[in-house]
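# Architecture and fold: a report
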Amino acid sequence: MHPAPSVIIFTTLSGLGFGLLFWLGLDSTPPTGMVAFAFFVIAYALSVGGLLASTFHLGRPERAWRALSQWRTSWLSREGICAVAALLVMAVYAAALVFAGVHLAPLGWIGALLSLGTVFTTSMIYTQLATIPRWNSPLTPALFLSLSLAGGALLSGRVTLGLSLLLLAGLVQLAWWMRGDRAFAQSGTDLGTATGLGDRGTVRSLAPPHTSPNYLMREFIFVIGRKHAQKLRIIGFVLMIVLPVLLLALSFSHWLAALAVLCHIAGVAVCRWLFFAEAEHTVGLYYGMR
Amino acid sequence: MTDLPAQTTRKLGLVIDLDTCVGCHACVISCKGWNTENYGAPLSDQRPYGDEPMGTFLNRIHSYEVQPDTGPAQTIHFPKSCLHCENAPCVTVCPTGASYKRSEDGIVLVNEDHCIGCGLCAWACPYGARELDQAEGVMKKCTLCVDRIYNENLPEEDREPACVRTCPAGARHFGDFADPNSAVSQLVEKRGGIDLMPELGTAPVNKYLPPRAKDRWDDESLLAPLLTPVAKEPSGFLSWLDKALDKLPGGSA
Amino acid sequence: MSAPQHRIDTSPKVSDEIRQTTCYMCACRCGINVHMKDGKVAYIEGNRDHPVNKGVLCAKGSAGIMQHNAPSRLRKPLLRTGPRGSGEFREISWEEAMNTAVGWLTEIHETAPHKLAFFTGRDQSQSFTSFWAQHFGTPNYAAHGGFCSVNMAAAGIYTMGGAFWEFGQPDWDRTKLFMLFGVAEDHDSNPIKMGLGKLKERGARVIGVNPIRTGYNAVADDWVGITPGTDGLFILALVHELMRAGKIDLHYLAQYTNAPVLVDGETGLLLRDEDGKQLVIDRITKKPTPFDQKGVRPDLSATYRHAGVTHRTVMAHMADRYLSPDYSPDAVADRCGVPADRIRAIAADLARVAFDEAFELDLEWTDFRGESHKTMTGRPVSFHAMRGISAHSNGFQTCRALHVLQILLGSVEVPGGFRFKPPYPKPVEAHPTPHGQGRPGRPLAGPHLGFPRGPEDLQLDEKGKPTRIDKAFSWENPMSVHGLMHMVISNAHAQDPYPIDTLFMYMANMAWNSTMNTSGVIEMLTDRNDDGGYRIPRIIYSDAYSSEMVAYADLILPDTTYLERHDCISLLDRPICEADAAADAIRWPVVEPDRDVRGFQSVLIELGARIGLPGFLNEDGSPKWKDYADYIVTHERRPGIGPLAGWRGEDGDQAGRGSVNPDQLDRYIENGGFFVEHIPDNAQYMKPWNMDYQDWAVKIGLFDAPQPFLFQLYVEPMRKFQRAAEGHGDQQPPDHLRDRLKQVMDPLPIWYEPFEQTLVDTDQFAIHALTQRPMAMYHSWGTQNAWLRQLHGKNPLYLPTKLWQQHGFKEGDWARVTSAHGEITVPVAHQAALNENTIWTWNAIGKRKGTWALSEDAPEAREGFLLNHLIHELLPAKGDGLRWANSDPITGQAAWFDLRVRIEKVAAPAEAQPAFDPIKSPVPTGPTTLKWKVGA
Ligand SMILES: Nc1nc2c(c(=O)[nH]1)N[C@H]1C(S)=C(S)[C@@H](COP(=O)(O)OP(=O)(O)OC[C@H]3O[C@@H](n4cnc5c(=O)[nH]c(N)nc54)[C@H](O)[C@@H]3O)O[C@H]1N2
Ligand SMILES: Nc1nc2c(c(=O)[nH]1)N[C@H]1C(S)=C(S)[C@@H](COP(=O)(O)OP(=O)(O)OC[C@H]3O[C@@H](n4cnc5c(=O)[nH]c(N)nc54)[C@H](O)[C@@H]3O)O[C@H]1N2
Ligand code: SF4
Ligand code: SF4
Ligand code: SF4
Ligand code: SF4
Ligand code: SF4
Ligand SMILES: [Mo]
């Protein structure tokens, strides 16, 4: 899949943002006043910024509101609804904390649930696609959720919890990669089934329909060298998990914590880039690629 | 409205005969022409006179080579447009309801006025049957020429998809698969029509007729009698000629 | 929850109006419905009533709208200002353009008409352009047939009065076994596809003989991946097997062919009576008898001794030759790259289907001998072939061999077999001989192009030197019935046989894809004399688009597009007939030009009148025709016969013959742009011998008298040339050509090695290199078409598995390809279904930077390439100081497919080599986005 920056930014930032909102909503002793304000600004900047970024890849962003209508079947619609609901609920919750110093705990719980729901529905947009076997697994929501929770925990200053969640997310990420690398082959879909010619012999693409790349090739076929991908995986994993864990485990200082968070964000972004770049869509088969 | 109809009254679609398609691209261009002028936004072209031209097409022809275990490789030209799946994943993922499957005939369409161009339906389609028009920012796809097949401004015989009407080899057939007696159902039955990527459960309406077996050179022993020599030498041949001519009606014997 | 389903209008208005005319994107000439909205072209579809395409339309035809609106269209006449090839022009008025042309041409016309060479390319008005040239008085006219497929046309006419393609077609509805030789697309492109579709529907068997398996050959049930240039051998091996097994149609051969005709034992000419009629031995009287007597039973095996000489039949000569083990499958298998068993299997299947599946149609008919028959015998075997067998230096004889094969099977003009389209079959005798000798200011006595009957028809001066600039009808290629367009520039540059003054070309991209040796030709077009003047002093060119050739001309006469002008697809020319009907068609301006351009034929008419060509003026000196439309309607070739056959006579109620009808064009337009006249049922087959057909043909004006004839297995005119080479007669070839003529002018089909491979080291140049036409592109034009160029914007060189592996190629690699003549460096791709010693690419995709209104970084100009750089118009030098054309020695057909090369893997260059400097474009580059919709 084409690793579109808008989608990478969106999933990376909104994952963190909603993760942070989740912890803020659950907090039994939440900050108030300016401190709360700071936390919520960060959370909203990340989640709303992410959502805004996601509209950049829309052909008709001015109609984006229509995306809320199909919650019965569409995960994208559900995500939109969850996101809006989470942001609205948490806005009331935040306003109460910031301006009135009042902790509306049940509202926080609902907001937290909706925030988590947003991350889950986002992940389901990808998970549901049988066309992309690498994504089509329960491990995908696990990955998105664990990362979101870990990132949110870090941002909200929950060091110990953050540490263990990071380790968990790291494990999920490794499992996700291991499964993902075999997923296409195991899906049973190949050029033979794609063309129905497989039982006659080995099928090979002789010529594409057009001699220049088309929309489908641009969107669905992204060729990334195996070696290059491995390198990026290591970089991504070190940034996303290893460094933050080390930094946090070493000793606690705000500077180091901030550095850990930045490392983590950068790492998530790298892994998200790989999430798309490495994903093979069945359409690629028709073009003799994966 | 992205609920799939529980069932459609008719199941309109195409049969594509891979034994007959010569890969001429006629269907590609007539589709481009009709759909540029008709349903929804024109199919745009980026850099039409420049480097890497890229335009929206609703139908494309691939070429494949199949290498059997024995015998020479075979070339197969392979047209592909929307298969109007019964279980269309492109429809259910659509967040706006712009994508829908018509309950009356099963045609999968995009309401371009509601489409936000998120591209998710194209991601969900296993076959590459949807294209986001780069100029208009909305999703385009094969409409099964819904603006032709019922069009009362067209003569009856022209109420078929543009690609079917134009295909010089007659490799494309249009009809109702819900009717087991329709020509398309019969063809599928007779020639063993197949689904693409059946394992994905999309239940395509369009069917492909596989190429007939090729390069099956008959066993020589069956043919040998046909080539039994009448003579080995020219002189022997001439006397055979003489006798054979006698046997013809009006011959001298 | 269920929101109401989106409502759409399923009956939108389609257009304001449909205008029916004829497609132009190839010589198939299908009928089209042009849907108009607000006076603009909105959509083009096939015309269901049209005899050629019956509603279907190919990709090019459907993309006509992009062709018609292409940004590359020329806008105004151009006069060159920079050096040739720079692309620097000044736009001028038509007045200035016409004055310039008239000035240049009038002088030549009056003093030395041969100094004008007028050659037309993809001309669909040859009967008119040749008429113009004839009246100009120059011997130097031809269209592009010489580099195209003259071998196919000439071999067919000399053998059976017509060839494949627009001359005839298989009986698609009845044939059961169809063999296709060397065809990628052909002129008859929609009918072939429709025909294949019919065969497929019936489950009939298709065998494709082609080194490359794509397109039609991909749908063939069986593929014979033959070695290029060896089809003649392969076919003659089939002939060997069929004759040996006696699987030939004796009745047919005896009655309808010259198989029983006696060959003079001394001269090798055919024995004839005093009236010139070919003689056979009647099996009943045992006497020599003219072939056409009622009740004659021609004897195929007779011998006739007379005055001490034994005369034997053509059939006996064929037995001598083809029963020889030299033609056995085992003897040819290796050279053809086809296993002997497979050749036998094909021969057996041909025999089985032709004879065991023969059938009778209840069609009563009377033959030319006056005998009636209750039925017609069907032999459901048919063949079709094109440039794959004709574009070789042994192509004429190979095409002959194929015709002989189908005649032996008795499958020509019978149900289930191959059928002619009117006005064919038309024997050589019904065609003119070539004409060339004229006097300044006077027209030629007859048409330039004709069918020589023997050495007396050659176009040579007293010293035996060719009188035509292309050396057509000379001893180098005596039967060059279409001329040799590919030699014009080369000969004019070499001033051999003489220098010319003005080269006038129409619709031929001779500085690029239609020429051999493209880089060399570019040099010839720009080469100068010592005095600084160009070696070819003046070049006038008519094109509609900004092609490569435009840059090499001095004066450009911009043409309209096909939707903006009158044209006529005439029975006098290359009509659109089908096997069961005669038909012709017109084009008419369905839209008016929005630029300052004029239909070229109308320009020629004005030029003719202003130069003062006799045929173009009335008695009083006024122009005879206002424009081409006027000519189409009022010109008469013979009394009552004009360019169009439909709606003749004052009331428009006559078909074929009749006086001029001033409303004729309107009647065509009302009828959808075409005219069809069906052949009566019992005249549908056996046409050369069927008096019902002959009479019908006379009635509609195809001939003036019935002209039944025998198929010529043995071609006597060839024997006449061969005899001359043996030293007989007063017209003698030059000595250096004697041996070659003795060999190749054999009156019975033979096979000889393609010339190029006899002259190069085949170990070094072991690979055959070919081109094919993409179905969706027409030569160079497709490239300016925004839709089509997306299908074929570059052309990889396809390599077979053996070469791919041997050289360790990977996807994305490039290769240097070298021939005896030149080298190119190009991208490669792998194809398994390919003859293992053959490489190929699509024809005419590569483009010169700065042309066709494309940006200079267009893929066509960076990665696209032409194979033409490797193909020379001359053979590699033999050291005898002579220029030997790379052409068939009989017809002069350009031997495109004889090319031998070697390849090596090289690092990818920045762009395909050779790369040329950009040409300055006379038109602006096209827009960067297209959203074409003319309606609201
Ligand atoms: N390597 C290789 N080369 C080949 C061949 C091959 O098989 N292999 N095939 C050869 C054969 S058979 C042929 S016929 C030639 C064909 O080659 P060409 O005869 O050169 O054909 P086109 O490229 O179609 O170019 C014809 C010119 O006509 C112009 N034209 C188009 N429409 C109009 C119009 O309406 N009016 C006017 N006045 N001009 C117009 C086009 O712009 C173009 O410049 O190529 C030959 N070249
Ligand atoms: N779409 C489209 N249609 C066209 C044209 C076009 O440019 N585009 N051009 C028109 C013109 S001008 C012409 S002349 C016709 C030509 O139409 P075709 O005769 O189809 O010409 P080519 O495309 O040159 O194809 C030649 C075929 O012969 C095969 N071949 C080459 N050498 C041999 C051989 O030795 N033996 C055998 N058996 N096969 C061989 C090649 O593989 C190729 O398939 O097409 C006309 N129709
Ligand atoms: S082919 Fe693709 S676009 Fe068409 S209905 Fe099926 S999933 Fe949807
Ligand atoms: S691109 Fe349009 S049709 Fe497709 S899913 Fe998005 S809104 Fe629906
Ligand atoms: S049915 Fe219509 S829209 Fe669909 S591929 Fe054919 S022409 Fe195109
Ligand atoms: S028009 Fe027919 S033969 Fe041509 S590519 Fe399309 S399906 Fe194949
Ligand atoms: S075959 Fe195609 S390009 Fe040729 S005349 Fe017919 S529609 Fe036009
Ligand atoms: Mo040609």
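Cut-off values and rules
- Residues numbered from 1 in each chain as written.
- Chains lettered and ligands numbered in written order.
- Predicted model: local features only at pLDDT ≥ 70, side-chain atom pairs only at ≥ 80, totals over all residues.
- Heavy atoms only, no water.
- UniProt positions renumbered as here; feature names shortened; annotations may be inferred.
- Helix = DSSP H or I, 4+ residues; strand = E, 2+ residues; numbered from the N terminus.
- Buried < 20%, exposed > 50% of the residue type's maximum accessible area, 1.4 Å probe, protein only.
- Contact = heavy atoms within 4.5 Å.
- Areas by Shrake-Rupley, 256 points an atom, 1.4 Å probe, with all protein chains shown as cover.
- Lys, Arg positive; Asp, Glu negative; His and termini not counted.
- Charge placed at Lys NZ, Arg CZ, Asp CG, Glu CD.
- Near = heavy atom within 4 Å.
- Nonpolar A, V, L, I, M, F, W, Y, C, P; charged D, E, K, R; others polar.
- Domains from an automatic or database assignment.
- Expected span 1.5 Å × (residues − 1).
- Polar contact = N/O pair within 3.5 Å; in protein donor to acceptor, adjacent residues only side chain to side chain.
- Buried area = accessible area lost by both parts, 1.4 Å probe.
- Salt bridge = Lys/Arg side-chain N within 4 Å of Asp/Glu carboxyl O.
- Axes fitted to C-alpha atoms, helices over the stretch in contact; angles between N-to-C directions.
- Parallel < 35°, antiparallel > 145°, perpendicular 65-115°, else oblique.
- Left-handed = near helix turned anticlockwise from the far one by under 90°.
- Phe/Tyr/Trp six-rings, centres within 6.5 Å; stacked < 30°, edge-to-face > 60°.
- Pairing = 2+ DSSP bridges.

An unreviewed UniProt entry lists chain C under the name Anaerobic selenocysteine-containing dehydrogenase, with Shimia aestuarii as the source organism. Here is the UniProt Subcellular location (unreviewed entry) comment for chain C, exactly as written: "Cell envelope". Per UniProt, chain C carries the Sequence similarities (unreviewed entry) text "Belongs to the prokaryotic molybdopterin-containing oxidoreductase family."

The name given to chain B in an unreviewed UniProt entry is Fe-S-cluster-containing dehydrogenase component, and the organism recorded there is Shimia aestuarii.

Quick look at the overall build of chain B now. Along chain B, the regular secondary structure elements total eight helices and eleven strands. When its C-alpha atoms are laid out on the principal axes, chain B stretches across 85 × 50 × 45 Å. Buried positions account for 68% of the 253 residues belonging to chain B. Long-range pairs, those at least 24 residues apart, make up 60% of the contacts in chain B with a sequence separation of at least 6. Accessible surface computed for chain B: about 8000 Å², of which carbon and sulfur atoms make up 50%. Charge separation in chain B, taken as the distance between the mean sites of 24 positive and 35 negative side-chain charges, equals 2 Å.

Moving on, we get to the site of ligand 4. By nearness alone, every residue bordering ligand 4 is listed as C94(B), P95(B), T96(B), A98(B), S99(B), C115(B), I116(B), G117(B), C118(B), G119(B), C121(B) and M139(B). Residues that form the shell around ligand 4 fall into these classes: eight nonpolar, four polar and no charged.

Once that is clear, we can look at the domain arrangement of chain B. Interface size is commonly expressed as the accessible area that is lost once the parts come together. If you check the domain split of chain B, you get domain 1 (12-209) and domain 2 (218-253). Just the C-alpha atoms count here: the centres of domain 1 of chain B and domain 2 of chain B sit 55 Å apart.

This part covers helix α10 (residues 254-277) of chain A. With 24 residues, α10(A) ought to run about 34 Å at 1.5 Å a step, and its terminal C-alpha atoms sit 34 Å apart, in line with that. Between the side-chain oxygen at the start of α10(A) and the backbone nitrogen of W255(A) there is a gap of 3.2 Å, and the oxygen is on S253(A).

With that out of the way, let us pick up the site of ligand 1. Residue and element names in this part refer to chain C. Ligand 1 sits among 31 residues. The nearest are N509, D543, S780, W781 and N868. The contact in question runs from an oxygen atom of ligand 1 to an N or O atom on the side chain of S780, over 2.3 Å. The protein chains hide 99% of the 910 Å² of surface that ligand 1 would expose on its own. Those elements that place two or more of their residues in the shell around ligand 1 are α5 (145-148) and β24 (538-542). Among the residues forming the shell around ligand 1, the class breakdown is 13 nonpolar, twelve polar and six charged. Split by domain, the shell around ligand 1 shows at least three residues from each of two domains, domain 2 (78-151 + 429-556) and domain 4 (755-906).

All names here are of chain C. The domain architecture assigned to chain C consists of domain 1 (17-68), domain 2 (78-151 + 429-556), domain 3 (163-423) and domain 4 (755-906). The gap between the C-alpha centroids of domain 1 and domain 4 is 32 Å. Each partner contributes to the interface: domain 1 provides eleven residues, whereas domain 4 provides ten residues. Contact with domain 4 buries area across many residues of domain 1, yet K60, M66 and Q67 alone supply 56% of it, more than any other trio. Run the count over domain 1 and domain 4 and you get zero salt bridges.

With that out of the way, let us pick up the side chain of E37(B). Mapping E37(B) onto the fold places it in helix α1 (residues 26-37). Given the relative accessible area of 3%, E37(B) is considered buried. Engagement of the side chain of E37(B) in a polar contact is seen with the backbone nitrogen of V934(C), the distance being 3.0 Å. In this structure, E37(B) is in contact with K37(C), A42(C), W932(C), K933(C), V934(C) and G935(C), ignoring residues within four places of it in sequence.

Another point: the packing of helix α6 (residues 150-160) of chain C against helix α15 (residues 395-408) of chain C. Residues and elements named next belong to chain C. Look at α6 against α15: their axes get within 8 Å of each other, and the N-to-C directions meet at 45°. What the angle tells us is that α6 and α15 run oblique. As for the relative orientation of α6 and α15, their crossing is right-handed in sense. Between α6, through N151, M152, A154, A155, G156, Y158, T159 and M160, and α15, the contact on the second element is made entirely by G395, F396, C399, R400, H403, Q406 and I407. Residues of the contact of α6 with α15, tallied by class, amount to eight nonpolar, six polar and one charged.

Here the focus is the packing of aromatic side chains. This model, assessed by the stated rule, comprises 69 aromatic pairs over all chains. Pairing F22(A) with W23(A) gives two aromatic rings, centres 4.9 Å apart and planes at 75°, and the pair type is edge-to-face. On the accessibility criterion, W23(A) (11% relative accessible area) is buried. Relative to F916(C), the ring of W512(C) has its centre 5.6 Å away and its plane inclined at 70°; by these criteria the two rings are edge-to-face. Note that W512(C) is positioned in the loop between β23 (502-506) and α17 (518-526) and F916(C) in the loop between β34 (900-906) and β35 (929-930), a separation of 404 residues in sequence.

Listed by partner, the interface residues are 96 residues for chain B and 107 residues for chain C. Taken over both partners, the interface formed by chain B and chain C buries close to 8300 Å², and the fraction arising from carbon and sulfur atoms is 57%. Area buried by chain B at its contact with chain C is led by E37(B), Y49(B) and W217(B), which between them contribute 12% of it. Connecting chain B to chain C are ten salt bridges. A salt bridge links R283(C) to D246(B); the nearest nitrogen and oxygen atoms lie 2.2 Å apart. Tallied by class, the residues present in the side of chain B that touches chain C amount to 43 nonpolar, 24 polar and 29 charged.

With the rule as written, the count across this model stands at 89 salt bridges over all chains. Between E157(B) and R48(C) there is a salt bridge, with the nearest N and O atoms lying 3.9 Å from each other. You can see E157(B) sitting in the loop between α4 (146-149) and α5 (162-166) and its partner R48(C) sitting in the loop between β3 (40-46) and α1 (59-62), one on each of two chains. When its relative accessible area of 25% is taken as the criterion, R48(C) is described as partly exposed. Salt-bridge contacts for R574(C) lead to E166(C); the nearest nitrogen and oxygen are separated by 2.7 Å. Of this pair, R574(C) sits in the loop between β26 (567-569) and β27 (581-587) while E166(C) is found in the loop between α6 and β8 (168-170), placing the two residues 408 residues apart along the sequence. Take R574(C) and E166(C): they sit in the same class, and that class is buried. Through salt bridges with shared partners, a single network forms among E157(B), D158(B), E160(B), R165(B), E45(C) and R48(C).

Moving on, we get to the interface of chain B and chain A. Counting residues at the interface gives 63 residues for chain B and 58 residues for chain A. In total, chain B and chain A occlude about 4800 Å² of area from one another, counting both sides; carbon and sulfur atoms represent 57% of this. For chain B, the biggest contributors to the area lost against chain A are Y64(B), I116(B) and W123(B); these three give 17% of the whole. The interface formed by chain B and chain A holds four salt bridges in total. Between R218(A) and E52(B) there is a salt bridge; the shortest N-O distance is 2.8 Å. Inspection of the region where chain B meets chain A yields 34 residue pairs in polar contact (both at pLDDT 80 or more). Those elements that provide at least two residues to the side of chain B that touches chain A are β4 (60-67), β5 (74-80), α3 (120-124) and β8 (130-132) of chain B. The element best represented in the side of chain B that touches chain A is β4(B), accounting for eight residues. Considering only residue class, the side of chain B that touches chain A consists of 34 nonpolar, 16 polar and 13 charged. Relative to β4(B), strand β1 (residues 202-207) of chain A runs antiparallel, the two sharing five bridges.

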